[in-house]
Amino acid sequence: MTRTAKSSSIDTMLKALSERIFVPTGMAVPLRYRAAGHDERAAVLQEDTSAWTIVDRDLIWGEPDGYYWFAGSVVIPPELDGAAVHLYIEAAFGKVMGRSDPQCLVRVNGRITQGSDANHRTIRLTDKARAGERFDIMVEAGTIEDRRQLGFGIHLWTHDGLAEKVYYDLSVPREVARLLPEDDARAHAIIRHIDAALAVLDLRPGNLQRFHASLKAAEQHADAIYAMADADAMPTIVATGHTHIDVAWLWRVRETRQKMARSMATALALMDEYPDYRFMYNQCVLLDYLDQDYPELFERVGERVKSGQFEIEGALWLEPDVNVSNGESLVRHILHGVRYHEKTYGVRPRMLWLPDTFGYSAALPQLMERSGLDTFVTHKLSWNDTNRMPYETFRWQGIDGTTTAAYFLTTQPYKSPSIGTTYCPDLKPTHVMGTWNRYGQQPVNDELFLVYGHGDGGGGPTREMLENIRRMERGIPGCPKVSHEPMRPFFERLLAKMNAYPERFPTWVGELYLEFHRGTLTSVAKNKANNRKAERTLREIEALAVAAHLRSGMAYPRAALWELWQIVMLNQFHDILPGSSIGAVFDDSDRDYARFFATADALRAELAAGLGGGAGAAFNVTNRTRSGLVASAMAGSQTIEHADGSTRSVIRQAPVAGLGSAAIAPQAPVSTLKVSANAIENDHLIARFDDLGRIVSLRDRKHNREVLRPGQLGNHLRAHRDRPAQFDAWDIDRSFEDQSWDIDELVSARVVETGPLRAAIRFEYRYESSTIVQIVSLEADARQLEIESFIDWHEHNTLLKAGFPIAVNASAVRAEIQFGHVQRATHVNTSWDEARYECSMQRWIDVSEPDFGVALLNDCKYGYDAKGSTVRLTLLRSPTYPWPESDQGAHRIRYAIMLHDGDTAAVTAAAEDFNLPLLALPGAGAVDSPLLAVEGDGIVLEALKLAEDDDALILRLWEARGQRTPASITLPAGYTVAEAVDLLERDGVALAIDAGRVALAFGPFEVKTIRLARA
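Okay, so let's go over this structure. (Residues numbered from 1 in each chain as written. Predicted model: local features only at pLDDT ≥ 70, side-chain atom pairs only at ≥ 80, totals over all residues. Heavy atoms only, no water.)

## Remarks on the packing of aromatic side chains
- For the structure on display, the rule yields 38 aromatic pairs.
- Seen in terms of ring centroids, Phe 819 and Trp 958 are 6.0 Å apart; in terms of plane orientation they differ by 80°. Their pairing is edge-to-face. A residue pair is termed long-range when its members are at least 10 positions apart, and Phe 819 in the loop between β42 (812-817) and β43 (820-825) and Trp 958 in strand β53 (residues 953-959) qualify at 139 residues. The same class applies to Phe 819 as to Trp 958, namely buried. (Phe/Tyr/Trp six-rings, centres within 6.5 Å; stacked < 30°, edge-to-face > 60°. Helix = DSSP H or I, 4+ residues; strand = E, 2+ residues; numbered from the N terminus. Buried < 20%, exposed > 50% of the residue type's maximum accessible area, 1.4 Å probe, protein only.)

## Here's the deal with the sheet that holds strand β40 (residues 784-793)
- Strands sit in the order β37-β38-β39-β40-β49-β46-β45-β42-β43 across an open sheet of nine strands; the sheet is antiparallel. The strands lining the two open edges of the sheet, one partner per strand, are β37 (745-754) and β43. Adjacent strand axes in the sheet meet at a mean angle of 20°, parallel and antiparallel pairs treated alike. (Pairing = 2+ DSSP bridges. Axes fitted to C-alpha atoms, helices over the stretch in contact; angles between N-to-C directions.)

## As for the nonpolar core
- Phe 449, Leu 955, Leu 957 and Leu 1012 are the most contacted members of the largest nonpolar core, which has 168 residues in total.
- Discounting residues that sit within four places of it in the chain, Leu 957 has contacts with Val 934, Ile 939, Val 940, Leu 941, Ile 969, Leu 1000, Phe 1002, Glu 1006, Val 1007, Lys 1008 and Ile 1010.
- Residues Tyr 513, Phe 763, Leu 785 and Ile 791 belong to the second largest nonpolar core, which totals 53 residues. (Core = buried A, V, L, I, M, F, W, Y, C linked by side-chain atoms within 4.5 Å. Contact = heavy atoms within 4.5 Å.)

## Quick notes on helix α12 (residues 463-474)
- Counted at 1.5 Å a residue, the expected span for α12 with its 12 residues is 16 Å, and the 17 Å between its end C-alpha atoms agrees.
- Buried within α12 we find Arg 463, Met 465, Leu 466, Glu 467, Asn 468, Ile 469, Arg 471 and Met 472.
- Just beyond α12, the residue with positive phi is Gly 475, at close to 100°. (Expected span 1.5 Å × (residues − 1).)

## Looking at the sheet that holds strand β50 (residues 919-921)
- The strand order across the open sheet formed by three strands is β29-β25-β50, and the pairing between neighbours is antiparallel. Each end of this open sheet is capped by a strand with a single partner; those strands are β29 (661-663) and β50. Direction aside, neighbouring strands of the sheet carry axes that sit 30° apart on average.
- Its contacts with the sheet put helix α14 (residues 525-552) on β25 (617-619) and β50, and the angle it makes with β25 is roughly 115°.

## Considering the pattern of salt bridges
- Throughout the structure, instances matching the rule amount to 101 salt bridges.
- The salt bridge partner of Arg 463 is Glu 164, with a shortest N-O separation of 2.9 Å. Of this pair, Arg 463 sits in helix α12 while Glu 164 sits in helix α3 (residues 161-179), and the two are 299 residues apart along the sequence. One exposure class covers both Arg 463 and Glu 164, and it is buried. (Salt bridge = Lys/Arg side-chain N within 4 Å of Asp/Glu carboxyl O.)

Below you can see the structure in the form of C-alpha cells.
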C-alpha cells in the first residue's frame, strides 16, 4: 500500500475512533425560552420559567445585540446509570475571526458551569450519573451578528475517556508525521506504530468491554511512539492558555462583559477536568467587570490564582493604543493595572503584554523600567506589509536610552508562506512546529513561548488543545517538546539567559513602527478629539485639586478623579481610540465622554471655589510663566469668531506664574496687526493668500526668509481616494494618492477680526456634499499662524490632508511622542523609510535647520506624512467598515504653523499652550504666589496630583529637548521631605533640600516622578 493510501486508511480509522469519544444518547432536555434585556439577569434568575415560551424546532430567535434565556430540566434514566454524561449544545453557531455567534453561559442547578460557543459545545454534567438524578439547566445566550437562529437544543451525550485518550495518543503524532518530509524516517516510524495500534482496535458496536480491551492493546502501540528518543534533542516550546478579548470591537463593551464571563467559566471548567491546565489573563478592567457582574465566577478565579492554575500577568489596566494615548495616560494604565492586580490577587505583574496593539511608542521602555516591568511581548509587527523584523528576542531601546527585553511571538502554521504570526492558535502540532520554524534566532535560543486559545468570545482553549498538549509534552519525534507552564517562569529564564549572554541578543533602537493599520491614527476623529480634550482636562483638574487642597484644605476628590480616569482609560482601548469598531461602540463612547465632561465641569467649579471667592481668576497649569487669551468681556476685550460660527469675548491676560493663578486682567499687545482679504501680518510674520484662500507666501520677519517653497501652496487642502484593499477603518494604502482632488471651490472669503488682539480671515469651501470653514488667525504678539476648521463632512472613503511645503533643508522631521520626540526620515532610501508613509505624532511635528524651524501644532490630530520637506497633516478619513457612517457630520479642528529658532523646547511649550491655554475660573479668587515652582529650560511638568496612598504631592516631570539639563523645585510651605520615586510612587530615594529647594539633573528625555511630603 502506498503512503498516500496508508494515510487515507489511518485518517478513516481515526475519524471512526473520534466518533466513539462523545456519543449521542438520543435524549434532549425540554426547553423554554424568553428574550430579555442585557440588564435583566438578576430578575430572570428568580423567575418561574414555566411561563416561558416552549422551544420547538421551528423557533426563530437572535438579532444584533440580542440577549436570550433557555431553561429546562432533565432526569437521568436508568440506562445512563454510571455513565459520564455531558450536555451538547445544538445551535446555528457561526464562527467569525475566532469568535462565535451565539455565545452562551450555562448554569447547572443554579451554578455557573461553563461557557458554550462554536468551539465549546460539550459541557460536563456528571462523571458518574445516578439514575433518577435531576439537573436543572439554564442558559443565557447572546447574539451579535445580523442573522437569525433557527432552533436551539440541549442533548445528553456520553463520554468515553479511554477512547479519547487513545484517539489523541494516535492523532497528535499523526499530525506531526503529516508535516515531516516524505523521506523523514521518523514519519515512517510514527506511521508504523499508529498502523499497528489501529490494527488491534475493535470498533464493532455493542460490547463495551471488548472495545475497551482493544483500546488498551492499541495504547501499548501508541506508547512506543513516545518512547522514541528524538524528542529529547528537540527545542522546547512553553505553552500557556489564554483568551484575547477585545474590550470593544464588532460588539459593545456591555457584550464584552458577557464574553468575559463565558470565557472565564469555560477556563474554570477545563481546570476542573485538567489539573495540568495553565491559563493566563491580564486585563484588569474585565476582571473588575467580572467582579461586578458575576461575583461567583470572580471568586472562583481568585481560588485558581491561589492554586497556581490561573496566572495573572500583564501590568496594564487594559490593552490600550500606545501611539495616540498621551504619556500620563500610559503611566496611569500601568499604575492602576499593577495596583489592581496586587490588591486583588496579591500578584505583582512584571510584563507589558500588548499582542494586538497597532505599533509601539519609543517612550515605552523608560515607562517600563520606571515601573519595575522587565519584558515587552507582542506579535503584531509580524503583520508588517513591507519588512520583516530581523529579531524576535532582543533588547528594545527607547528615546532616553533605557533598554528592556522584548519578545515577539512566532507561532504560525508549520508551512505558512507568510511572516504573520498569531497569539490565538487552536493549538495543534503544526503551530508548535511552526513556532520553531518561524524563529529567526535559533542558534542562540532553543526555548520559545506561545499562547493558545480562541479569542473574542471563542472561549479560549478547548479540551482538544489540552489533549494535544499532553501528547506533545510526552515528546513526539520530529516535533519540539511542549512544556505546559505559566508564562512568567519562561520569561524569567529568558531574562537570565539574556543577562548572562548579552552579546547574543541584539538591540533595536527607537519605535516599533507597525507597517500596517496606519489609518488608525485618524479614523473616527471625534473620538480622538474627545480623548485629547479629556486628557488635558484631567491634567487641569488634578492640578486645580491640589491647589484647592493646599489653599483651603479642600478634600482631594479621589473618587471623582478615579471615575474620570476609568472613562478615559476604557476609551483608549486599541479598537476604540483607533476608530476600528462598530458605530454602537462610539455611541457608547459619546455617552461616556458626555458624562466625563459634565462631571469635570461640575468638579472644576467646586475646586475653583476652593481658591476663594473673587471676580475671576486665570489658572496656569504649566510650570512656565505665560500669558494668553482668556474669556472675558471686560474693558479691552475683543470678540473673536470661531469656525463653527460661535463667538466669544477675550482679553489678553497679563502673565501668570507657573502653577499659579492671577486676577483676570488685560495686557495690551505690543505688536500691531494688519489684515485684508488676501494678507494678514504682525511684527513677526506676514501671510499672503491667493484668490482661493491658499497660502502663497509666509514670511518670517526675524530671519527675513520665506517659509514656503517657491511656487507652492501652504495649508493646501486635498481630498484623496481612500479605498484600502482590506481592513477599511484600519488601513491607509500607498495607493491613496492615485486619485486626489484640490479643495478649491471657495464660497466666500472675508475679514472677520481686525484686532487689536487678533486678526482673522474666514474662508468657506464646498467639496462635493461637504462644507469646510476655516478661520486663519494671527495674534498680535504671536509667531504662529493658527487655522481653525469647522468641517461638515459627508464623504465616504475619502482622506483629507492639509499640506505645507517648507523651505527648510532637512532630511528628517521631528515628531512629538509621549515624553519626548523621535526623528523620522523624509526620504525613501531604504524599504524601512518607504514604509513610513503615514506616521504618528502627539501635539507637534517639526522641520528644522539648526537656527530656524517650522512646526505644525495641533489640538486633536495624530497622523501625518512627510516627503522631502513637505509635511501634511491628516485631518479626516471616512471609512465604511466596520462603521458605515464613520466620520460623518461636524468636526472642529485647530492647527497652527509655528516659526522658531531651532529650539525644541520652544516648540513643546507652544504646543502645550495651544492645547492647554490659561484656564479661566469665573468667581474664583486670585492667589498671589504659585503652589510651587519648577525651574529648568525644557523641563515640563506633566502631572501634579496627590499620591495614591496618602496626601503627599506627586510631580511628573520630563526633559523635552533630548539633552542633559539641570532643574530645581521650590517646595510649598510646610513640605520638608522630597523623594524620587518610580511611576508606581514607590521605592523612594531621598533628595537633598537646600533652603526649600531641590536640585535635579535630567538626562535626555528623562521622566522623573517626585514625591513631596510634610514631615
